[in-house]
Amino acid sequence: AGMFVRLSIGINSHSQQQRYRLAEIIGVKDPYKNYKADGKPCTKGLELRFGKSTHVFGIDRISNSPITEDEFEEWYASAKECDIVPTAEQLEPIAERAKSDRPNQFYYSHSVINDMVERNRKAKRPAVLARNKMELQVALQDCKDRGEDEKVKEIEEELARYPEYEKQVREAKAPSMKYHIAHLNQRNKNENFATAAAYGRAIIQHQDSAGPEKPDPF
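Cut-offs used in this document
Residues numbered from 1 in each chain as written. Predicted model: local features only at pLDDT ≥ 70, side-chain atom pairs only at ≥ 80, totals over all residues. Heavy atoms only, no water. Salt bridge = Lys/Arg side-chain N within 4 Å of Asp/Glu carboxyl O. Helix = DSSP H or I, 4+ residues; strand = E, 2+ residues; numbered from the N terminus. Buried < 20%, exposed > 50% of the residue type's maximum accessible area, 1.4 Å probe, protein only. Pairing = 2+ DSSP bridges. Expected span 1.5 Å × (residues − 1). Arc of directions from axis to C-beta.

A. Focus on the pattern of salt bridges. The tally for this structure, following the rule as stated, stands at 9 salt bridges. The residue Asp 142 makes a salt bridge to Arg 146 at a minimum N-O spacing of 2.8 Å. One end of the pair is Asp 142 and the other is Arg 146, both in helix α4 (residues 126–146) and 4 residues apart, which spans about a single turn. Residue Arg 146 is classed as partly exposed on the basis of its relative accessible area, which comes to 30%. One salt bridge in this structure joins Glu 158 and Arg 161, with 2.5 Å as the shortest N-O distance. Looking at Glu 158, the relative accessible area reads 0%, which means it is buried.

B. Representation of the pairing of strand β1 (residues 4–11) in the model. Relative to strand β2 (residues 18–29), β1 runs antiparallel, the two being bridged by 7 bridges. When the bridges of β2 are listed, Arg 6 appears paired with Leu 22. Once β1 ends, the chain turns through 6 residues before running back antiparallel as β2, passing Gln 16 with a positive phi of about 60°. With 2 bridges connecting them, β1 and strand β7 (residues 62–63) associate as antiparallel partners. Pairing of Leu 7 across the sheet is with Ile 62, part of β7.

C. Molecular detail of helix α3 (residues 110–122). Compared with an ideal rise of 1.5 Å per residue, which puts 13 residues at 18 Å, α3 spans 19 Å between its outermost C-alpha atoms and is within 8% of the ideal. All buried positions along α3 are accounted for by Ile 113, Met 116, Val 117 and Asn 120. One side of α3 carries all its buried residues, which in axial view fall inside an arc of 100°. Exposed and oriented more than 90 degrees from the buried face of α3 are Ser 111 and Lys 122.

Read these as spatial facts, not as claims about activity.
Pasting the structure below:
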């Protein structure tokens, strides 16, 4: 309790991007419900607070990626309005407890980092590339916190290659996109032709059923 997490709260309807919110951990509820987190059965839920509201969420909704400045500002404004902004004295023991728990956290070895780099080179979809980038950013912060300068340099160099990776993914996707557009255009053309033909047949049938044209009375 007292620590903070980055919670996934759905898709932004305008940008179609994933939305996140910084929330304070109030406690752990067990049992919460049966679900899977990282492919493993889980029954625990985190009771989180944002402003005056509290709610229990599955840990599969928690992101490992760093919070953004906008997310912090949103939380701070809400906490300040409710007069629940923690003081430095309140946060200090929580920070010390987090440091003492650090040996139990995931360790980014050279082999793990190399595997992440290899996944970038094989990525064929923008979504996969974006996910890998977030993982690298988490690894970068972890290595900075540990003072592992060699790994920090390696990850920063890999992150600097992202514009090149993104360009490669776009170029590889372009031929497929052109094919789909051409296929869609041809399908629309065929449908338009079929509609026009059906309309023409309907006119002919109507004229046939109306009989011979009557002379103009004027």
